[in-house]
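What the coordinates show
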Amino acid sequence: MSRLYDTVEPAVIDEEMLKKAVEEQGPKEEAGKIAKQEGIDFKDVLSLRLDFLNVLKIDNLWEFTALTKLQLDNNIIEKIEGLDELVNLVWLDLSFNNIEVLDGLDALTKLEDLTLYSNRISTIENMDNLLNLHVLSLGRNNLSELENLRYLRRFKKLKTLNLSDNPFCKQDEYKQYVIAFLSNLDFLDYRLIDQQSREAAIERYQVSRDEMLHNEKQAELKKEEEIKRMKGLELHKAAYVEMMDGPDLFDQMYREDVEGQKLSEMPEKFVAVCSQIFDFGLVEHKKREEEVKQFWECVEEAKQENKEIGMKAIDNFTNMKKKVLQELAQISDQKMLEQRVSEYNKQITELWDHLMGLELQLVDQLEEVIKDFERNMQDLVSSFIENIQAYLTQCRDLENIHHEKMTENSIVILEKAMKNELDDEISEDLRLLLVDKDTIINALSSSHDVHMLKIDNKEDDIVTRINNWLKGMMENIHQDEEIARNRMRVSEVNNMIDHLRDEIDNLEMMQGGNY
Amino acid sequence: MENEEENKPAENGEEPLKEENEEEAAQKEEGEGDEEEPANIEDLTEDALALKAELAKIVVHPPASEPAPMEEFDQSEFSPSYKDNLPKENLVLQYAENFRRQMVQLYRDRKPLFLNPINECGIEKFVCTTIRPTQLEYKELYNWEGAAEFVADYLNIEPLKPEYELPKRLISPTTVLKRQKGNCFEYSTLLCSLLIGAGYDAYVVSGYATKETCLADESRDICPLLKKKEEIKAEEKKKEIKKYNVKPPRDLRSKFELKQEAKRKAEKEAEEEKRRKEEEERIAELEKPPPDPYYGLRIHAWVLVLSGKREVPENFFIEPFTGLSHSVDSANYLGIESVWNNINYWVNMQDCSEGVKGLSYDLGDCTVWEYMFPNNDKPLLRIPEAEDDILDGLDDDEDNEENEVEKYLDMPPSWVDALKLSLRDFQMRCPQGKKTKLYKRAKLEKFAHYLMKDGLVSKLSVFENKELTDLIMTREYFAHRLDKLTQRVTDQRKGLVIENFEPGRPRCLKEHTYRSSAPGPENDRTMLFYHEARVDGLVKRVESPTEMTEEYVNRDDFLYYKHVEYGKRTKKFGPQESSPAKNSRPILKMVQKFHRNRNKAANEDIAELVFHMSEDKIQISYHTEDPRIASSTREYLKPANWDEKGAILTFSSDMHQTFQVDPTEPHKKQVELYQVLLMLLKAEEKCRSDVLDSEQEVRAILDDRVKEETASDLDISVYDTERNEKAKKHRRELERQQLEEKMRKQEMDIDYLAPFLAKIGNPEKLAKAQAFSLKEECLQDLKQRLIDKANLIQARFEKESQALEEKQLWYQKNQVSMGKEDEEQYLTYCKDAIFRIHILDQRLARHKEQAPHKYMQLEQKLRSDERLAEFF
């Protein structure tokens with residue numbers, strides 16, 4: 001680095017510098033004048049250039065939230081920082097600086113063009129979020145590891161790449177390596193990649209490239225599967241039957257029951273009941289969704305219809321207004337004018353009446369529908385809960401039977417143990433329990449209690465969650481559909497009517513002034 | 001009066017008119033019989049006399065056998081099958097005669113059947129053999145509609161004479177095609193030949209029809225081109241009843257009043273309906289044809305197509321004169337005598353007193369259709385399979401059966417030559433390529449393609465009255481026009497002209513409607529465009545002297561509507577400006593409407609933009625946000641110096657007014673407002689220039705149209721080898737080249753050694769001596785031939801000169817006694833002879849010159865010939 005101005009003091013990005021830059025680069029001529037009078041908000045600025053200013057540290061840019069283009073080239077910046085607020089950036093120029101480590105770009109997900117030409121970067125890293133990158137310039141840096149370039153494979157949209165004047169460019173295989181492994185590229189080091197060299201490169205790195213592609217595919221498949229699984233789980237959760245399609249509940253029952261485990265025998269029936277709950281839950285969930293969807297469709301339809309009538313009324317009124325205003329402009333007789341204006345005012349009132357009537361009608365209609373919907377949903381939910389409870393009761397019964405059998409069995413075994421007729425197969429843990437009747441009975445009953453508790457918990461969980469969901473939804477509907485919507489519409493209508501009245505008043509005053 | 005009455009029976013001589021003439025005839029008879037009466041008077045009693053007198057009243061006039069002079073044909077152009085009958089044909093004729101006799105015997109009151117008319121060579125031919133199933137190579141003739149239309153177009157009608165008698169002669173379809181005219185039987189036979197050739201189950205029907213049908217009088221029918229296509233009403237989508245549909249607001253109107261209103265309306269409608277019906281009836285009554293004295297006697301022939309083959313779903317008739325189909329219970333046809341195809345002949349045994357309604361066309365049913373030949377291919381009444389089983393079981397019987405089948409007489413092949421139709425004739429369609437048809441209040445003229453210079457193929461004129469004098473509308477159809485014009489409708493009443501174009505024109509014009517009185521620019525017109533092909537997506541442009549409206553689709557800037565209002569042109573004094581664009585109408589107002597752009601917020605997305613040019617005002621209405629019903633508006637006053645070039649535009653807050661639907665939304669900054677204003681000014685400029693461009697385009701289109709209309713060139717396809725001169729030339733050239741190539745090849749292939757090799761027995765390999773002698777021989781031969789040729793030329797030369805000398809001598813001797821003519825003859829002879837001698841002389845010289853070369857050439861060739869090469 002040979003800088004002519006090494007001796008110059010590093011500058012700091014401060015209010016003054018920013019203001020100056022914004023004003024210089026902002027609107028010109030008349031617009032500039034107006035802007036100056038009014039002042040420019042930093043948050044409205046879309047593009048900013050801060051080059052050749054000897055800036056050492058990126059700072060104080062948090063106000064420029066709308067910024068899409070930022071130029072910070074030809075400074076002495078050493079670290080990328082302070083850009084986390086500029087989430088709308090599309091274009092970032094940091095060339096001719098002293099950056100050594102790639103960092104601090106995580107928030108800039110919309111970035112498409114990134115220039116880091118002539119810096120001191122030695123590794124490509126920490127750019128995982130820049131998935132929209134189209135153009136990347138990393139020329140004249142300290143990159144020396146060709147392997148490191150594989151990092152760039154994650155940028156599927158990357159078309160233009162500049163890596164010239166890096167240490168690894170001296171290696172013979174540099175170009176072919178890049179072309180082979182970054183197959184989406186169109187331009188490399190200022191040149192179009194032609195078909196011939198592309199084929200040659202791919203041929204050369206056939207084996208390792210295939211391997212890489214294979215691995216990537218595997219990873220992708222895995223990811224997809226994971227996403228699918230997560231989606232399924234989400235759906236099950238929404239149906240309140242998550243983890244019920246296997247022996248999960250049963251496993252849970254025994255997980256926290258150390259002693260039970262020693263006695264465990266897997267009852268198939270239990271799992272069957274669980275899967276019944278699972279299926280039922282999914283079916284019910286579908287039903288509920290269908291119901292909700294239908295409700296919203298109807299509500300939207302009603303709203304749309306109402307809106308259309310309203311808009312028509314307004315349209316008609318606007319046409320009438322145009323005519324009346326034209327007429328008014330031509331009438332010179334004061335009396336006539338007054339009469340006209342009062343007629344017009346009457347019409348405004350009529351419009352208000354009409355629109356308000358429409359709104360009231362809609363409110364009535366919606367109220368009724370929402371009531372219907374609430375009742376139906378309540379029915380659905382309660383039937384769901386009942387059914388779930390019935391299934392879980394089956395589970396409890398099973399557990400009870402199981403417990404009884406266990407007790408019977410254990411007593412028999414205990415007797416056997418007393419008589420020393422026991423098989424050798426029984427584990428050491430179990431032997432410890434088979435001391436006397438009380439111990440074993442206690443162990444069994446405690447295990448039974450734990451099981452029961454688990455089932456009860458599950459039931460409570462399901463019931464409370466579904467009730468909460470229903471309550472939340474209904475509240476939302478009341479809040480949004482009934483109250484908020486109504487308020488908005490009423491205020492809208494009033495606002496418009498006020499505006500219309502003001503307009504005619506102003507006109508009248510102006511006309512009145514003429515006389 | 002007398003004369004008329006006299007003539008009629010002579011002409012008709014048939015029963016229906018007998019009674020009318022009775023009295024008159026009786027009077028006549030009495031007058032004539034006066035002398036004879038006394039001779040026999042004693043033998044007769046009073047009664048007998050009375051009877052005689054009574055009988056004398058009845059008189060029949062034998063039909064004056066004075067047939068219309070039949071058209072004579074040049075017999076030489078027909079093939080022998082036309083002029084003679086095969087033994088089998090004779091057999092069939094006898095069979096038919098026998099059949100006829102039996103029919104007459106059994107059903108005395110039946111009209112004669114159409115069985116054995118003579119053909120154009122005067123030979124009796126059985127009608128079935130006159131049908132010649134032929135499939136022509138034109139795809140238009142593959143379907144019955146096309147074939148029937150072709151026959152109707154291609155031929156001219158010769159009505160039957162008299163109209164209640166079967167024709168004596170049935171001309172073969174080949175001759176009919178050549179003459180391009182024929183009667184209904186010839187029409188039907190030709191059409192049937194085509195249809196059977198195309199695979200239809202078609203029959204010629206001989207029977208009776210109404211006068212209009214027989215004379216192809218369509219002046220009471222509505223032109224098929226004018227029949228409105230039944231509009232398929234899109235079924236209104238019923239609103240789905242959903243669970244949570246909102247209830248409609250309560251109807252607060254009085255139910256009773258509504259009912260009364262509906263009642264009144266219904267009454268009124270009924271009255272209207274009644275009136276209309278009466279009117280219709282009145283008109284129908286007026287237009288009814290006058291009663292026909294020969295109703296039910298007029299003989300006609302048409303075509304019956306039975307269902308089954310070629311996916312024909314049900315039986316129908318084809319009227320050969322018009323080419324239209326009729327249902328089998330059409331009121332136009334009054335009765336059927338017989339039907340036939342190329343295989344068999346059936347006589348109708350059903351009652352036709354109520355026309356053809358309800359007749360059965362099950363030709364296999366011998367109770368309703370009497371067949372002539374037993375090899376009925378309609379085994380519809382077959383005894384069930386039981387018989388088959390028996391047949392299978394008894395081989396001997398089967399053999400017998402087969403023999404018996406052999407014994408049946410089957411139809412001999414048609415005597416008619418295969419039908420031929422040249423492409424040119426086919427394309428000419430009508431005789432001379434033109435045909436005019438009259439319909440009810442309409443006239444249709446048809447023209448062959450490429451016949452008219454402007455590409456006109458048909459022209460339909462619609463009139464107000466039946467006399468076809470008050471023109472309402474003409475519709476002209478064009479084909480192959482270079483300017484892609486397909487149809488022009490001229491509405492005489494409103495003075496409108498509608499022109500339709502095919503895609504492919506520059507500027508993509510699709511339809512153009514204008515006033516014929518004002519075809520120039522800036523007048524009322526509507527233009528439709530093929531918007532898919534236009535960059536600007538223009539669909540429609542409507543113009544009037546003061547307004548212009550344009551509609552667009554699928555534009556990137558969401559513009560879909562543009563409306564311009566013009567003011568009056570200010571009168572300019574001074575020199576007239578040359579370009580009309582400079583002196584355009586002043587624009588008062590421009591309106592642009594946009595669709596919603598979902599990428600923008602509704603309050604930023606302009607829905608309507610109005611430039612009030614005259615008031616220097618710009619109004620914007622924005623789109624409506626989804627949950628809202630009102631939309632924001634904005635209004636700018638243009639800065640005073642807006643149209644100065646390069647001036648700095650000032651802006652102040654009173655130049656701008658706005659209404660925002662959402663009062664809580666922050667107001668825009670002045671800078672932004674100013675920028676919007678700049679943008680609007682630019683948009684206005686662009687809009688204005690677009691409008692000027694549109695006007696320019698209209699002018700250009702109109703100019704083009706005028707040019708095209710005067711040129712009216714026809715487009716000839718490159719595949720049309722007949723008409724495309726260039727392609728023809730090219731093909732000829734190719735053919736010529738090919739021929740030359742062939743000749744050259746042939747020349748190359750002549751083996752000069754072959755005869756000599758043959759002489760020594762075509763040895764596999766030549767010995768040296770043989771080779772030498774071969775070469776020598778070959779050369780010798782050539783030499784001989786060259787010398788021979790020279791000798792021949794010389795001989796001829798000498799002969800000619802000798803003849804000339806003799807002639808000269810003869811001339812000198814007789815010079816004195818010769819007339820002028822002889823002298824002239826002599827002079828021409830001399831001239832010719834000298835010319836010939838001269839030519840021979842030249843030829844000899846040339847031969848002498850070329851002979852050594854030829855010799856050398858052959859030697860060279862022999863040297864290099866691979867068979868001899870090894871020795872030299």
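Above: the structure in question.
About the criteria used
- Residues numbered from 1 in each chain as written.
- Chains lettered and ligands numbered in written order.
- Predicted model: local features only at pLDDT ≥ 70, side-chain atom pairs only at ≥ 80, totals over all residues.
- Heavy atoms only, no water.
- Helix = DSSP H or I, 4+ residues; strand = E, 2+ residues; numbered from the N terminus.
- Buried < 20%, exposed > 50% of the residue type's maximum accessible area, 1.4 Å probe, protein only.
- Contact = heavy atoms within 4.5 Å.
- Areas by Shrake-Rupley, 256 points an atom, 1.4 Å probe, with all protein chains shown as cover.
- Salt bridge = Lys/Arg side-chain N within 4 Å of Asp/Glu carboxyl O.
- Buried area = accessible area lost by both parts, 1.4 Å probe.
- Patch = residues over 30% accessible without salt bridge, like charges linked within 9 Å, V, L, I, M, F, W, Y side chains within 5 Å.
- Lys, Arg positive; Asp, Glu negative; His and termini not counted.
- Charge placed at Lys NZ, Arg CZ, Asp CG, Glu CD.
- Pairing = 2+ DSSP bridges.
- Axes fitted to C-alpha atoms, helices over the stretch in contact; angles between N-to-C directions.
- Expected span 1.5 Å × (residues − 1).
- Arc of directions from axis to C-beta.
- Core = buried A, V, L, I, M, F, W, Y, C linked by side-chain atoms within 4.5 Å.
- Parallel < 35°, antiparallel > 145°, perpendicular 65-115°, else oblique.
- Nonpolar A, V, L, I, M, F, W, Y, C, P; charged D, E, K, R; others polar.
- Phe/Tyr/Trp six-rings, centres within 6.5 Å; stacked < 30°, edge-to-face > 60°.
- Lys NZ or Arg CZ within 6 Å of the ring centre and 35° of its normal.

Time to look at the overall build of chain A. Looking only at helices and strands, one finds eleven helices and ten strands in chain A. Every one of the 515 residues in chain A was classed for burial, and the buried ones make up 40%. A sequence separation of at least 24 residues applies to 56% of the contacts in chain A between residues at least 6 apart.

If you tally the helices and strands in chain B, you get 19 helices and 26 strands. For chain B, the residues scored as buried account for 37% of the 872 residues in total. Taking the intrachain contacts of chain B between residues at least 6 apart in sequence as the baseline, contacts between residues at least 24 apart amount to 56%. Roughly 55,600 Å² of accessible area belongs to chain B as shown, and the carbon and sulfur atoms make up 51% of that amount.

Residues and elements named next belong to chain A. Taken as a whole, this structure holds 68 salt bridges over all chains when the rule is applied. A salt bridge links Arg489 to Glu492; the nearest nitrogen and oxygen atoms lie 3.6 Å apart. Within this pair, Arg489 and its partner Glu492 are both found in helix α11 (residues 437-514), separated by three residues, close to a single helical turn. Relative accessible area serves as the criterion here: at 7%, Arg489 is assigned to the buried category.

Here we come to the interface of chain A and chain B. With 37 residues of chain A at the contact, the number on the chain B side is 31 residues. In total, chain A and chain B occlude about 3,000 Å² of area from one another, counting both sides; carbon and sulfur atoms represent 58% of this. If you look at where chain A meets chain B, you find one salt bridge. Salt-bridge contacts for Arg628(B) lead to Glu492(A); the nearest nitrogen and oxygen are separated by 3.8 Å.

All names here are of chain B. Among the surface-exposed residues, Arg785, Lys789, Arg796, Lys799, Arg843, Arg846 and Lys854 lie close enough to one another that they form a single positively charged patch. Elements with a minimum of two residues in the positive patch: α18 (768-814) and α19 (820-864). Per-element tally for the positive patch: the top contributor is α18, with four residues. Inspection of the secondary structure puts Arg785 in helix α18. A relative accessible area of 58% means that Arg785 is categorised as exposed.

In this section: the sheet that holds strand β8 (residues 345-348) of chain B. All names here are of chain B. Pairing is antiparallel across the open sheet formed by seven strands, whose spatial order is β6-β5-β4-β3-β7-β8-β10. Only two strands of the sheet have a single partner each, and these edge strands are β6 (324-326) and β10 (369-371). For this sheet, the mean angle separating the axes of adjacent strands, direction not counted, is 35°. Where strand β5 (residues 316-319) and β6 come together, three bridges link them in antiparallel fashion. The residue of β6 that forms the bridge with Glu319 is Leu324.

Moving on, we get to the sheet that holds strand β4 (residues 69-71) of chain A. All names here are of chain A. Across the sheet, eight strands lie side by side as β2-β4-β5-β6-β7-β8-β9-β10; this open sheet has mixed pairing. Of all strands in the sheet, those with a lone pairing partner are β2 (47-49) and β10 (191-192), marking the two edges. Bridge count between β4 and strand β5 (residues 91-93): three bridges; the pairing is parallel. When the bridges of β5 are listed, Leu70 appears paired with Leu92.

A contiguous nonpolar surface patch, about 300 Å² in accessible area, is contributed by Leu51(B), Leu55(B) and Ile58(B). Inspection of the secondary structure puts Ile58(B) in the loop between α3 (46-57) and α4 (80-83).

Take a negative patch on the surface next. All names here are of chain A. There is a patch of like negative charges on the surface, built from Glu338, Asp498, Asp502, Asp505 and Glu508. A per-element tally of the negative patch places α11 first, with four residues. Position of Asp505 among the secondary structure elements: in helix α11.

Residue and element names in this part refer to chain B. Residue alternation in β8 divides its side chains into two sets, Tyr345 and Val347 and Trp346 and Asn348, and both sets are buried. By the bridge criterion, three bridges tie strand β7 (residues 333-340) to β8 in an arrangement that is antiparallel. Bridging from a neighbouring strand, Ser338 pairs with Val347 of β8. In this structure, β8 lies alongside β10, joined through three bridges in antiparallel fashion. Bridge pairing in β10 places Val347 opposite Glu370.

Here the focus is the environment of Val273(A). Residue and element names in this part refer to chain A. Within the secondary structure, Val273 sits in helix α8 (residues 268-330). Exposure remark for Val273: the relative accessible area of 7% places this residue in the buried category. Residue contacts for Val273: discarding those within four places in its chain leaves Tyr391, Gln394, Cys395 and Leu398.

Residue and element names in this part refer to chain B. Between its terminal C-alpha atoms helix α5 (residues 87-106) stretches 28 Å, which fits the 28 Å expected from 20 residues at 1.5 Å a residue. Among all positions of α5, only Glu89, Val92, Leu93, Ala96, Phe99 and Met103 are buried. One face of α5 carries all of its buried residues, which in axial projection span an arc of 120°. The exposed set on the far side of α5, more than 90 degrees from its buried face, consists of Pro87, Gln94, Arg101 and Gln105. Looking at the buried positions of α5, the neighbouring elements they touch are β8 and β10.

Among the nonpolar cores identified, the biggest contains 68 residues, and Phe126(B), Phe185(B), Leu195(B), Val305(B), Ile318(B), Trp340(B) and Tyr345(B) are the most heavily contacted of them. Examining the composition of this core, we find that nine residues originate from one element, helix α9 (residues 184-197) of chain B, more than from any other. If sequence neighbours within four positions are ignored, Leu195(B) has contacts with Trp144(B), Ala147(B), Tyr200(B), Ala202(B), Val303(B), Val305(B) and Ile318(B). Grouped together as the second largest cluster of nonpolar side chains are 60 residues, Ile13(A), Met17(A), Leu116(A) and Met212(A) included.

Our next topic: the packing of helix α3 (residues 174-181) of chain A against helix α4 (residues 195-204) of chain A. All names here are of chain A. Close contact between α3 and α4 brings their axes to 8 Å; oriented N to C, the two are set at 90°. With respect to α4, the axis of α3 lies roughly perpendicular. Facing Gln176, Ile179 and Ala180 of α3, the residues of α4 in contact are Ser197, Arg198, Ala200, Ala201, Ile202 and Arg204. In terms of residue class, the contact of α3 with α4 is made up of five nonpolar, two polar and two charged.

Note the cis peptide between Lys161(B) and Pro162(B), where omega equals -10°. With respect to the secondary-structure elements, Pro162(B) resides in the loop between β1 (156-157) and α8 (173-179). At Asn54(A), a residue that is not glycine, the phi angle is positive and equals roughly 60°. As for its position among the elements, Asn54(A) is in the loop between β2 and β3 (55-57). According to the relative accessible area criterion, Asn54(A) is buried, its value standing at 16%. In this structure, Ser118(A) takes a positive phi of about 55° despite not being glycine. Along the chain, the position of Ser118(A) falls in the loop between β6 (113-115) and β7 (135-137).

For the structure on display, the rule yields 33 aromatic pairs over all chains. Measuring from ring centre to ring centre gives 4.7 Å for Phe42(A) and Phe64(A), while their planes differ by 15°; the resulting arrangement is stacked. Taken together, the residues Phe42(A) in the loop between α2 (29-38) and β2 and Phe64(A) in the loop between β3 and β4 connect sequence positions 22 residues apart. Comparing Phe42(A) with Phe64(A) shows no difference in burial state: the two are buried. When the centroid spacing of 5.1 Å and the interplanar angle of 85° are considered together, the rings of Tyr82(B) and Trp415(B) count as edge-to-face. Taken as a pair, Tyr82(B) in helix α4 and Trp415(B) in the loop between α13 (395-407) and α14 (423-428) lie far apart in primary sequence, 333 residues in all. As far as burial versus exposure is concerned, Tyr82(B) and Trp415(B) are alike and both buried. Here a set of aromatic residues connected by ring pairs shows up, and it is made of Tyr95(B), Phe114(B), Phe126(B), Phe185(B), Trp340(B), Tyr345(B) and Phe373(B). Lying across the ring of Tyr552(B), Arg555(B) places its NZ or CZ 4.7 Å from the centre.

What follows deals with the environment of Met349(B). Residues and elements named next belong to chain B. Take Met349: it is sitting in the loop between β8 and β9 (353-356). The spacing of Met349 and Ser338 is eleven residues in sequence and 8.8 Å in space, taken between C-alpha atoms. Residues within four places of Met349 in sequence aside, it is in contact with Tyr107, Arg110, Thr367, Val368, Trp369 and Glu370.

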